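# Notes for the structure review
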Amino acid sequence: MKNYEYLREKVKYCSLLILPFIILIVGCSSSVKTAYELPVEFRFPDKKTELLKIYSPFFKGKKFFLDPGHGGKDRNNIGYMGNAVEADVNLNVAFALKMFIMEAGGTVEMSREKDTTIELKDRSALANKSIADFFISIHHNAPGEKNDTWTNYTSTYYHAKDSNYEFEPCQRDIAKYIQRDLAYAMRNSGGLGSFDGTYSDYNIYPREGFSVLRLTKIPAVLVECGFTSSEYESGRLVIDEFNKVEAWGIFRGLCRYLSNGIPEIRFIKTEAIDSRNNLNISFEIKDSAGIDMSSIKVFIDSVYFKSYNFNPKDKILSIDYLAANYGGHIIRIIAANNKGNYAFPFYYNIFVENKMDR
């Protein structure tokens, strides 16, 4: 009997010790919050002020066209348990990004500012008409398999592949900078399909790519910030503060990209060397960081052209061109600065007269 009483008291004592831990575990599980980390500039306003002071000069005179994907009749991606509608999340991130860019002194135009239907071709048409410097299409992803609730990563797309003539290196530059800072801000990986989280849109639609990247004539990228279908990610995407974190990641990427400079290419003159339509055509390529001579490529009518000379001192690119065919020709020049940033797409039209027709 004494042993029974002893055991009963022992169990009672142990229960009293264990109960607080049970309460602690239950209490914590019922108050678990979706995890994300605020950027240091959000936690310390003076850090944000300092950052804007450093990078604002690079945003002066720059215009950005933001394209919140989907909306209106296109609200099919409703996310895990229906709590993260992509169209709405895209718009929230775009508004936050607009605010950050304007704080830095840039200007912004958007394809939509409410839940409305904008056709894909119209998004590109609006961007081209805006004469903006950059086009950024904002999206959130979903996997091909309906029941996949675990896939989640951040990716940024550019148009075409470097083996294609239509590939513009500057677009991959922008994608790389945005991807690095966006993925870091969200604490997401870039997925297993790419070394750095940037992807050619030809990976999705071979030889075509995304419509908004193919039809937009200004430097353009498309970001897939995360997966609305992810059980983990969807809980963050419905939080306004986290949408601002996403936007801040894109903005920080733009800051770093712009601060490394963008080479400028401009036509100078065309001179006839002799009466056989042998022409010398001159262009200036300049950047404060200097030009990487190994990056220079010249194409005439989409054919690689080797007969050029670049003088790094006077920054002049000279092309000696014997026009075998009369009529119009297109000269394309690609060049990067010594920090690795490529110039915006540059094409120049020349017309060679048939002197016998005069």
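How each quantity is defined
- Residues numbered from 1 in each chain as written.
- Predicted model: local features only at pLDDT ≥ 70, side-chain atom pairs only at ≥ 80, totals over all residues.
- Heavy atoms only, no water.
- Helix = DSSP H or I, 4+ residues; strand = E, 2+ residues; numbered from the N terminus.
- Buried < 20%, exposed > 50% of the residue type's maximum accessible area, 1.4 Å probe, protein only.
- Contact = heavy atoms within 4.5 Å.
- Areas by Shrake-Rupley, 256 points an atom, 1.4 Å probe, with all protein chains shown as cover.
- Axes fitted to C-alpha atoms, helices over the stretch in contact; angles between N-to-C directions.
- Parallel < 35°, antiparallel > 145°, perpendicular 65-115°, else oblique.
- Left-handed = near helix turned anticlockwise from the far one by under 90°.
- Nonpolar A, V, L, I, M, F, W, Y, C, P; charged D, E, K, R; others polar.
- Pairing = 2+ DSSP bridges.
- Core = buried A, V, L, I, M, F, W, Y, C linked by side-chain atoms within 4.5 Å.
- Expected span 1.5 Å × (residues − 1).
- Phe/Tyr/Trp six-rings, centres within 6.5 Å; stacked < 30°, edge-to-face > 60°.
- Lys NZ or Arg CZ within 6 Å of the ring centre and 35° of its normal.

### What to know about the overall build of the protein
Secondary structure assignment for the protein yields 9 helices and 14 strands. Counting the 358 residues in the protein, one finds 46% classified as buried. Put simply, 73% of the contacts in the protein that link residues at least 6 apart link residues at least 24 apart. Of the roughly 19,300 Å² of accessible surface on the protein, a fraction of 56% belongs to carbon and sulfur atoms.

### A short note on the packing of helix H4 (residues 86-103) against helix H9 (residues 240-259)
The N-to-C vectors of H4 and H9 enclose an angle of 50°; their axes lie 8 Å apart at closest approach. As summarised for this structure, H4 and H9 are arranged oblique, according to the angle between their axes. Pair H4 / H9 crosses with right-handed handedness. Judged by residue contacts, Val 89, Asn 92, Val 93, Ala 96, Leu 97, Phe 100 and Ile 101 of H4 engage Asp 240, Asn 243, Lys 244, Glu 246, Ala 247, Trp 248, Ile 250, Phe 251 and Leu 254 from H9. Taken together, the residues of the contact of H4 with H9 sort by class into 11 nonpolar, 2 polar and 3 charged.

### Describing the sheet that holds strand E6 (residues 220-227)
By way of backbone hydrogen bonds, the strands of a sheet pair with one another, either parallel or antiparallel. Reading across the sheet, the 6 strands line up as E2-E1-E3-E6-E4-E5 and stay open at both edges, with mixed pairing between neighbours. Each edge of the open sheet is held by one strand with a lone partner, namely strand E2 (107-110) and strand E5 (198-200). In this sheet, neighbouring strand axes are inclined to one another by 25° on average, regardless of whether the strands run parallel or antiparallel. Note that strand E1 (residues 63-68) and strand E3 (residues 134-141) share 5 bridges and pair parallel. When the sheet's bridge partners are listed, Asp 67 is paired in E3 with Ser 137. Along the sheet face, H4 touches E1, E2 and E3 and points at about 145° away from the line of E3.

### Thoughts on the nonpolar core
The biggest cluster of nonpolar side chains holds 47 residues, and the ones touching the most others in it are Phe 59, Phe 64, Ile 101 and Phe 251. Of all the secondary-structure elements, those providing two or more residues to this core are helix H3 (45-59), E1, H4, E2, E3, helix H6 (169-186), E6 and H9. When residues in this core are grouped by element, the largest group, 10 residues, is from H9. Residue contacts for Phe 64: discarding those within four places in its chain leaves Phe 59, Ile 101, Thr 107, Val 108, Glu 109, Ala 132, Phe 134, Ile 136, Leu 254 and Leu 258. Formed by 22 residues, the second largest nonpolar core is a distinct cluster that contains Phe 283, Ile 333, Phe 346 and Val 352.

### A few points about H6
Over its 18 residues, H6 extends 26 Å from the first C-alpha to the last, a length consistent with the 26 Å expected when each residue adds 1.5 Å. Within H6, 14 of the 18 residues are buried, which leaves the element mostly enclosed by the surrounding structure. Phi turns positive, to about 60°, at Arg 187, one or two residues after H6.

### Description of unusual backbone geometry
Positive phi, normally seen in glycine, also occurs at Ala 160, with a value near 70°. By the secondary structure assignment, Ala 160 is in the loop between strand E4 (155-158) and H6. Overall, the relative accessible area of 0% leaves Ala 160 in the buried class. The phi dihedral of Arg 187 falls on the positive side, at around 60°, and the residue is not glycine. Tracing the backbone through its elements, the reader meets Arg 187 in the loop between H6 and E5. For Arg 187, a relative accessible area of 40% translates into the label partly exposed.

### Points about the packing of aromatic side chains
Pairs of aromatic rings are described using the distance from one ring centre to the other and the angle between the two planes. According to the stated counting rule, one finds 26 aromatic pairs in the structure shown. Between Phe 64 and Phe 134, the ring centres sit 5.1 Å apart and the planes meet at 20°, which makes this aromatic pair stacked. With Phe 64 in strand E1 and Phe 134 in strand E3, the pair connects residues that are 70 residues apart, well separated along the chain. The same class applies to Phe 64 and to Phe 134, which are both buried. Here the aromatic rings of Phe 65 and Phe 135 are separated by 5.9 Å at their centres, their planes lie at 10°, and the arrangement is stacked. Of this pair, Phe 65 sits in strand E1 while Phe 135 sits in strand E3, and the two are 70 residues apart along the sequence. The same class applies to Phe 65 and to Phe 135, which are both buried. One aromatic cluster is present, built from ring pairs that chain together Phe 42, Phe 59, Phe 64, Phe 100, Phe 134, Tyr 177, Trp 248, Phe 251, Tyr 257 and Phe 344. In this structure, Arg 187 is placed above the aromatic ring of Tyr 184, and the distance from its NZ or CZ to the ring centre is 4.2 Å. Positioned above the aromatic ring of Tyr 165, the side-chain terminus of Arg 332 is 4.8 Å from the ring centre.

### Comments concerning the environment of Lys 47
Relative to the helices and strands, Lys 47 resides in helix H3. If we skip the residues at most four places from it in the chain, Lys 47 touches Val 40 and Glu 41.

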